[in-house]
Amino acid sequence: MKRIKRILALIGAVFLAALYIITLLCAVFDNRNSMALFQASVLCTVIIPVLIWAYTLIYRLAKGGDDKSEEDAGHSDRPRDV
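The model shown is predicted, which means the values in this text are computed figures rather than measured ones. (Residues numbered from 1 in each chain as written. Predicted model: local features only at pLDDT ≥ 70, side-chain atom pairs only at ≥ 80, totals over all residues. Heavy atoms only, no water.)

Draft legend 1. Structural context of the packing of helix 1 (residues 2-28) against helix 2 (residues 34-63). Here helix 1 crosses helix 2 at 155°, and the two axes come no closer than 8 Å. Considered as vectors, helix 1 and helix 2 are oriented roughly antiparallel to each other. Our pair here, helix 1 against helix 2, has a crossing hand that is left-handed. Between helix 1 and helix 2, the contacting residues are Phe15, Leu16, Leu19, Tyr20, Ile22, Thr23, Cys26 and Ala27 on the first element and Ser34, Leu37, Phe38, Ser41, Val42, Cys44, Thr45, Ile48 and Pro49 on the second. Split by residue class, the contact of helix 1 with helix 2 holds 13 nonpolar, four polar and no charged. (Axes fitted to C-alpha atoms, helices over the stretch in contact; angles between N-to-C directions. Helix = DSSP H or I, 4+ residues; strand = E, 2+ residues; numbered from the N terminus. Parallel < 35°, antiparallel > 145°, perpendicular 65-115°, else oblique. Left-handed = near helix turned anticlockwise from the far one by under 90°. Contact = heavy atoms within 4.5 Å. Nonpolar A, V, L, I, M, F, W, Y, C, P; charged D, E, K, R; others polar.)

Draft legend 2. Main features of helix 2. Helix length check: helix 2, at 30 residues, gives a terminal C-alpha distance of 42 Å against a target of 44 Å (1.5 Å per residue), a fit within 8%. By the burial criterion, the buried members of helix 2 are Ser34, Ser41 and Thr45. Where helix 2 is buried, its residues touch helix 1. Just downstream of helix 2 lies Gly64, where phi reads positive at about 85°. (Expected span 1.5 Å × (residues − 1). Buried < 20%, exposed > 50% of the residue type's maximum accessible area, 1.4 Å probe, protein only.)

Now the structure itself:
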């Protein structure tokens, strides 16, 4: 499960980087559609991360617990009191 999350996070980071590059290119080049593309790109740059955050929050709440997998259930960063 961790591997899938890392792959999805990498895909998301590449997608956001592409949105930033598209936003920059639309702002620099003068084309009749560049203003509409620039506005759409800026909107997506803000909306997509917010939606991803909301989806993960709703998933955690629906799942009923924190984000720890079954493999990590017995491991903790805190030392145990013995």
